[in-house]
Amino acid sequence: MHSSNPAFIAQKSDSAFDDLTAMLGDMRPHPTEEALVQLGRALMTELLDLISDTALEDFQTLLGEALIGAFHSAAGRIERDADRARDAMRRLDRDFDGSEAADVELQEATARARAGDAATRAAEMIRDAAAETWTVATGEVWTAWRGSRRGTHLTAAQLEAKQAIRAIRSRRAGEADPGGPVVAFRGAPTADSREDAARIFDALNWALAEWPHMALATTGARGAEKLAIQWARQKGVKLILARADFDAHGKAAPFRANDDLMALEPTCCLTLARSLDEARAADARPFGPALNLGQKAMELGVRHLAVRSRPH
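Nothing here was measured: the structure is a model prediction, and the numbers come from that model.

Reading the values: the criteria
Residues numbered from 1 in each chain as written. Predicted model: local features only at pLDDT ≥ 70, side-chain atom pairs only at ≥ 80, totals over all residues. Heavy atoms only, no water. Helix = DSSP H or I, 4+ residues; strand = E, 2+ residues; numbered from the N terminus. Buried < 20%, exposed > 50% of the residue type's maximum accessible area, 1.4 Å probe, protein only. Salt bridge = Lys/Arg side-chain N within 4 Å of Asp/Glu carboxyl O. Contact = heavy atoms within 4.5 Å. Expected span 1.5 Å × (residues − 1). Arc of directions from axis to C-beta. Pairing = 2+ DSSP bridges. Right-handed = clockwise from strand over helix to strand, strands pointing away. Core = buried A, V, L, I, M, F, W, Y, C linked by side-chain atoms within 4.5 Å. Patch = residues over 30% accessible without salt bridge, like charges linked within 9 Å, V, L, I, M, F, W, Y side chains within 5 Å. Areas by Shrake-Rupley, 256 points an atom, 1.4 Å probe, with all protein chains shown as cover. Phe/Tyr/Trp six-rings, centres within 6.5 Å; stacked < 30°, edge-to-face > 60°. pLDDT = per-residue confidence, 0-100.

Participant: Just checking my understanding: could you explain the overall build of the chain for this structure?
Facilitator: Looking only at helices and strands, the chain features eleven helices and six strands. In the chain, which comprises 312 residues, the share counted as buried stands at 42%.

Below you can see the structure in the form of C-alpha cells.
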C-alpha cells in the first residue's frame with residue numbers, strides 16, 4: 001500500500017488541503033492551497049480588467065457569475081464522481097472475497113474517492129477566491145442558484161432560504177440556522193444612488209443596534225438589495241438569500257420570494273420602494289415586490305419600516 005511507504009509520509013503543514021493531498025500517494029506534485037487561491041483571484045482580476053470600460057462592461061455580471069459558476073459546477077461534478085467511487089468501495093468491501101483482483105479493485109476505488117475529494121476542494125477554493133475578488137471589485141455577491149454553497153473563505157455566512165426555513169421550523173442548531181432575529185429587506189432596483197445607499201445603511205445600522213445577533217434576509221436583486229448585501233459583508237452579518245426563481249414561477253417569482261422571506265419569521269421588514277433620488281423616482285413606479293413585502297408584514301403583524309425616512 002502506498003500509505004505505508006515512508007516516501008509518502010509528509011510533515012504536517014498549516015493547510016488542511018495540503019495535508020490532504022500529501023496523503024494521496026500520487027507521485028505527481030499537487031498545487032498548494034495558496035496557489036489555487038491566487039489562481040481564482042487572478043482569473044477574476046484578468047476578466048474584470050479586460051472588460052472594464054469596454055462594450056462588454058454591460059454584460060459584466062453575466063460574465064463574472066459565469067466564471068465563478070463554472071468552478072462551482074466543476075466541483076459538483078467531481079464530487080458526484082467521488083461519491084460513485086465511495087459507493088463502489090462499499091460494494092467491494094461488502095462482497096470482498098480475499099482475492100488479489102478484489103484487493104486491487106478496492107484500492108483503486110479508494111484512490112479515486114480520495115483524489116476526487118481533493119479535486120473538489122481545489123475547485124471550491126478557486127471558486128471562492130474568484131467570488132471574493134468579484135465582490136470586492138463590484139460589490140455584488142455570487143451565490144449558487146441551486147443547492148448549498150460550502151464556503152471556504154466566506155466572511156458573511158450565506159444560506160439558501162429553504163435551508164434556513166427548514167432550520168427555523170425544526171429549531172435545529174447548526175450552520176443553516178440563522179442563529180438570531182431575522183430582518184428582511186426589499187428595495188427597488190433603481191434605488192442605488194449615493195443618497196439611497198446612505199439611507200439603507202442607516203436603516204440597517206439601526207436594525208443591527210436593535211438586534212445585535214440579527215441575520216439579514218433579502219433576494220439579492222440588483223440595486224438596493226445589492227447595497228444591503230454589501231453592508232452585511234462589511235458588518236459580518238449573516239446573510240440569507242431567497243432568490244426569485246423565474247424559471248419555476250415566471251413573473252410571480254419576486255412575489256413568491258417574498259413568501260420565502262416571510263416564512264423565515266422575520267422580526268422586522270425594511271422596504272425602499274422608490275429611489276430617494278428625485279430624478280430616478282420621477283421616471284419609475286414604486287417597486288411592487290417591496291410594497292408587497294410591506295403589505296404581507298402588516299397582515300401578519302410583523303413590524304414594518306419604510307426606509308424613505310430615517311428609522312427611530
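Moving on from the coordinates now.
Participant: Looking at this structure, I do not really get the pattern of salt bridges. What am I missing?
Facilitator: Two side chains bearing opposite charge may form a pair once their charged atoms approach each other closely. Taken as a whole and assessed by the stated rule, the structure comprises nine salt bridges. A salt bridge links Asp 87 to Arg 90, with the nearest nitrogen and oxygen atoms 2.4 Å apart. Taken together, the positions of Asp 87 and Arg 90, both in helix H3 (residues 60-94) and three residues apart, correspond to about one turn of that helix. Judged by relative accessible area, which is 52%, Arg 90 ranks as exposed. With a closest N to O distance of 3.0 Å, Glu 225 and Arg 186 form a salt bridge. With Glu 225 in helix H7 (residues 224-235) and Arg 186 in strand S2 (residues 182-187), this pair connects stretches of sequence that are 39 residues apart. When sorted by exposure, Glu 225 lands in the same class as Arg 186, which is buried. If you follow the salt bridges from partner to partner, you end up with Asp 83, Arg 86 and Asp 117 in one network.

Participant: Help me out: how do you make sense of the environment of His 30 in this one?
Facilitator: With respect to the element layout, His 30 can be found in the loop between helix H1 (16-22) and helix H2 (33-51). The exposure class assigned to His 30 is partly exposed, which follows from its relative accessible area of 37%. C-alpha separation for the pair His 30 and Ala 118, spaced 88 residues apart in sequence, amounts to 9.6 Å. His 30 has contacts with Phe 17, Thr 21, Leu 24 and Ala 118, leaving out every residue within four places of it along the chain.

Participant: Could you clarify how one ought to interpret H2 in this entry?
Facilitator: Owing to its 3.6 residues per turn, the α-helix brings residues three or four apart onto one side. Relative to the 27 Å expected for 19 residues at 1.5 Å per residue, H2 spans 28 Å between its end C-alpha atoms, a close match to the ideal helical length. Every buried residue belonging to H2 is among Leu 36, Val 37, Gly 40, Met 44, Leu 47, Leu 48 and Ile 51, and all of these are buried. Down the axis of H2, the buried side of the element spans an arc of 110°, and every buried residue falls inside it. Turned more than 90 degrees off the buried face of H2, the exposed positions are Glu 34, Glu 46, Asp 49 and Leu 50. Looking one or two places after H2, you find Asp 53, whose phi comes out positive at around 65°.

Participant: I tried to follow the pairing of strand S4 (residues 238-241) on my own but got confused; where do I start?
Facilitator: In regular strands, side chains alternate between the two faces of the sheet. Of the pairings in the sheet, the one linking strand S3 (residues 215-218) to S4 comprises four bridges and is parallel in character. Bridge pairing in S4 links Leu 216 to Leu 239. Handedness of the crossover joining S3 and S4 through H7 is recorded here as right-handed.

Participant: Explanation requested: the nonpolar core in the structure shown.
Facilitator: Soluble, globular proteins show a tendency: their nonpolar side chains are buried together. Formed by 31 residues in total, the largest nonpolar core has its most connected members in Phe 185, Met 214, Leu 216 and Leu 270. Listing elements by their share of this core, those giving two or more residues are S2, helix H6 (194-210), H7, S4 and strand S5 (268-272). Within the second largest apolar cluster, 13 residues are counted, among which are Ile 240, Leu 261, Met 262 and Ala 297.

Participant: Just to check I follow, could you spell out a nonpolar patch on the surface for this structure?
Facilitator: On the surface, Leu 56, Phe 59, Leu 62 and Leu 63 cluster together into a nonpolar patch covering about 380 Å² of accessible area. For Leu 56, the position within the fold is in the loop between H2 and H3.

Participant: Before we go on, may I ask you to explain the packing of aromatic side chains in this structure?
Facilitator: Centre distance and the angle of the planes are the two values used to describe a pair of aromatic rings. A full pass over the atoms with the stated rule returns one aromatic pair. Each ring, one from Trp 206 and one from Trp 211, has its centre 5.7 Å from the other, and the planes form 85°; the classification is edge-to-face. When its relative accessible area of 15% is taken as the criterion, Trp 211 is described as buried.

Participant: Honestly, unusual backbone geometry in this entry has me stumped. Any pointers?
Facilitator: As a rule of thumb, non-glycine residues mostly have phi less than zero, and peptide bonds are mostly trans rather than cis. At Asp 53, a position not held by glycine, the phi torsion is positive, near 65°. Structurally, Asp 53 can be placed in the loop between H2 and H3. Notably, Glu 265 is not glycine yet its phi reads approximately 55°, a positive angle. By the secondary structure assignment, Glu 265 is in the loop between helix H9 (253-263) and S5. Residue Glu 265 is classed as partly exposed on the basis of its relative accessible area of 47%.

Participant: So what exactly am I meant to see when it comes to the confidence of the model for the chain here?
Facilitator: As a general rule, the predicted coordinates of low-pLDDT regions are not to be interpreted in detail. Here the chain averages 80 in pLDDT, and 81% of its residues register 70 or above. In this model residues 1-12 is a low-confidence stretch, pLDDT under 50, and it forms ten contacts with partners more than four residues away in sequence or in other chains.

Participant: So what exactly am I meant to see when it comes to the pairing of S5 here?
Facilitator: Counting buried positions over the five residues of S5 gives five, a clear majority of the element. In S5, alternate side chains face the same way, and those of Cys 268, Leu 270 and Leu 272 on one face and Cys 269 and Thr 271 on the other are all buried. Of the pairings in the sheet, the one linking S2 to S5 comprises five bridges and is parallel in character. Across the sheet, the residue bridging to Ala 184 is Cys 269, located in S5. The pairing of S5 with strand S6 (residues 303-306) spans four bridges and is classified as parallel. Of the residues in S6, the one forming a bridge with Cys 269 is His 304.

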